[in-house]
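Below, each chain spelled out in residue letters.
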Amino acid sequence: MSERLPVAVSDPALAMLAERLGLPCEQDAELLLARREACLVLVGDPGRFGQPLAVDFTAGRAAHRRRFGGGRGQLIARACGFTQGVTPAVVDATAGLGRDAFVLASLGARVLMMERVAAIFALLEDGLARALADAETAEIAMRMQLVHGDAARDLEARVAESGFAPQVIHLDPMFPHREKSALVKKEMRLFRTLAGDDADAPRLLEAALDVATHRVVVKRPRKAPPIEGPAPRHVIEGKTSRYDLYVHRSLKTG
């Protein structure tokens, strides 16, 4: 699926990136990829989109969650099957800004991130490179791989190309937002403008069920219906979100 709003690259130094990802080079696009203090950012109108968007695994929210997030007791870790002696390999097929993938990697998992939106993929690529260069996050980042592609269409092929063992596939499809929800925050408004709603979520779930060897984990707003298709076998609920679990076989038995 293409971006909902055109993204361009304004800095000539990023011309090779633009060519690799099929992005135009121009100055007056509504959204621009640019360098700000050695960090790749996505810039739009501040009144509409707020501050420039970047992926940073070394500071801010990611650093706080790495230090104080609750370890394997976190909802996502429980949903993905992290228990004593079990650390599954996880495919995050809707990587977004990489926050869930980084949490899972910080708990010791190998994680393959897949992102379909070219501009978001570029931010992830830049954030991962900076995490690899930082002494506090390098070990975690080495457990993270990144591929560009649409998981609803290319999941099996991209996983096979990566040589990755997809025990658990994590999905966090974009849910149609409500005006009173947290998704109207400017950062998420910018992300949603690029990614759009995941109208192909049933196809995404089907692809994940075909590829995962052990389980598929789907993050949903707590009161939202499950994705159309087979019913989840288990549900783990939190205060604002839940995880629907589709289990092929136990992680404990291999």
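Residues numbered from 1 in each chain as written. Predicted model: local features only at pLDDT ≥ 70, side-chain atom pairs only at ≥ 80, totals over all residues. Heavy atoms only, no water.

Asks: Can you walk me through the overall build of the chain in this structure?
Replies: For the chain, the helix and strand inventory stands at 10 helices and 10 strands. A burial count over the chain gives 52% of its 254 residues as buried. For the chain, the share of sequence-separated contacts (at least 6 apart) that also reach a separation of at least 24 residues comes to 64%. (Helix = DSSP H or I, 4+ residues; strand = E, 2+ residues; numbered from the N terminus. Buried < 20%, exposed > 50% of the residue type's maximum accessible area, 1.4 Å probe, protein only. Contact = heavy atoms within 4.5 Å.)

Asks: What's the story with the nonpolar core in this structure? I'm lost.
Replies: Soluble globular proteins tend to bury their nonpolar side chains together. If you look at the biggest cluster of nonpolar residues, it comprises 57 residues, and the most contacted ones within it are Leu33, Leu42, Met113 and Met144. Residue contributions to this core peak at 9 residues, all from helix 6 (residues 118–132). Of all hydrophobic cores here, the second largest spans 25 residues; its members include Ala89, Ala152, Val159 and Tyr246. (Core = buried A, V, L, I, M, F, W, Y, C linked by side-chain atoms within 4.5 Å.)

Asks: Would you explain the sheet that holds strand 3 (residues 39–43) in this entry?
Replies: The strands making up a sheet are joined through hydrogen bonds of the backbone, oriented either antiparallel or parallel. Strand order across the open sheet formed by 3 strands is 1-2-3, with mixed pairing between neighbours. A single partner strand is all that each edge strand has here, and the edge strands are strand 1 (7–9) and strand 3. In this sheet, neighbouring strand axes are inclined to one another by 30° on average, regardless of whether the strands run parallel or antiparallel. Relative to strand 2 (residues 31–36), strand 1 runs parallel, the two sharing 3 bridges. By the bridge assignment, Val9 is partnered in strand 2 with Leu33. (Pairing = 2+ DSSP bridges. Axes fitted to C-alpha atoms, helices over the stretch in contact; angles between N-to-C directions.)

Asks: Quick question: what am I supposed to make of unusual backbone geometry here?
Replies: Glycine aside, negative phi is the norm for most residues, and most peptide bonds take the trans geometry. In this structure, Glu37 takes a positive phi of about 55° despite not being glycine. Non-glycine residue Ala38 carries a positive phi angle of around 65°.

Asks: Got a minute to help me understand the confidence of the model for the chain in this structure?
Replies: A low pLDDT score tells you not to read the predicted coordinates there in detail. When pLDDT is averaged across the chain, the result is 86; 84% of the residues are at 70 or more. Contacts of residues 178–184 to residues separated by more than four positions or lying in other chains number 9 contacts, the stretch itself having pLDDT below 50. (pLDDT = per-residue confidence, 0-100.)

Asks: Which parts of the structure should I look at to understand the sheet that holds strand 4 (residues 90–92)?
Replies: A sheet is described by the order of its strands in space; here 7 strands give the open sequence 6-5-4-7-8-10-9, paired in mixed fashion. Here the strands that pair on one side only, and so sit at the sheet edges, are strand 6 (144–148) and strand 9 (234–237). Neighbour to neighbour, the strand axes of the sheet diverge by 20° on average, direction disregarded. Here strand 4 runs beside strand 5 (residues 111–115); their pairing, made up of 3 bridges, is parallel. Following the sheet pairing, Asp92 is matched in strand 5 by Met113. In this fold helix 8 (residues 151–162) packs onto strand 4, strand 5, strand 6 and strand 7 (168–171), with an angle of close to 140° to the strand it touches most, strand 5.

Asks: What should I look at first to understand the packing of helix 8 against helix 10 (residues 201–211) in this one?
Replies: How two helices pack is summed up by the angle between their axes together with the distance between the axes. Packing of helix 8 against helix 10 leaves a shortest axis separation of 8 Å and a crossing angle of 20°. Relative to helix 10, helix 8 is oriented roughly parallel. Helix 8 and helix 10 meet at a crossing whose hand is right-handed. Side by side, helix 8 and helix 10 meet where Ala151, Ala152, Arg153, Leu155, Glu156 and Val159 of the first sit next to Arg203, Leu204, Ala207, Ala208 and Val211 of the second. Broken down by class, the residue content of the contact of helix 8 with helix 10 amounts to 8 nonpolar, no polar and 3 charged. (Parallel < 35°, antiparallel > 145°, perpendicular 65-115°, else oblique. Left-handed = near helix turned anticlockwise from the far one by under 90°. Nonpolar A, V, L, I, M, F, W, Y, C, P; charged D, E, K, R; others polar.)

Asks: Can you help me understand the pairing of strand 5 in this one?
Replies: Two faces belong to every sheet, and in a regular strand the side chains alternate between them. With 5 of 5 residues buried, strand 5 lies mostly within the body of the structure. Crossover connection from strand 4 via helix 5 (residues 99–106) to parallel strand 5: handedness right-handed. Two strands pair when backbone bridges link them, and strand 5 and strand 6 are joined in this way by 5 bridges, in the parallel orientation. Pairing of Met113 across the sheet is with Leu146, part of strand 6. (Right-handed = clockwise from strand over helix to strand, strands pointing away.)

Asks: What am I meant to see in the packing of aromatic side chains here?
Replies: The geometry of an aromatic ring pair is captured by the separation of the ring centres together with the interplanar angle, meaning the angle of the planes. Scanning all chains against the criterion turns up 1 aromatic pair. An angle of 10° between the planes, with centres 5.1 Å apart, marks the rings of Phe57 and Phe102 as stacked. Placement of the pair is Phe57 in the loop between helix 2 (46–49) and helix 3 (60–68) and Phe102 in helix 5, with a sequence separation of 45 residues. Exposure remark for Phe57: the relative accessible area of 2% places this residue in the buried category. (Phe/Tyr/Trp six-rings, centres within 6.5 Å; stacked < 30°, edge-to-face > 60°.)

Asks: I keep staring at helix 8 and nothing clicks. Help me out?
Replies: With 12 residues, helix 8 extends only 14 Å from end C-alpha to end C-alpha; this falls clearly short of the ideal 16 Å at 1.5 Å per step. Buried-residue contacts for helix 8 involve strand 4, strand 5, strand 7 and helix 10. The residue sitting at the N-terminus of helix 8 and contributing the capping side-chain oxygen is Asp150; that oxygen lies 3.1 Å from the backbone nitrogen of Ala152. Taken from the residues just after helix 8, Gly163 is the one with a positive phi, measuring 70°. (Expected span 1.5 Å × (residues − 1). Polar contact = N/O pair within 3.5 Å; in protein donor to acceptor, adjacent residues only side chain to side chain.)

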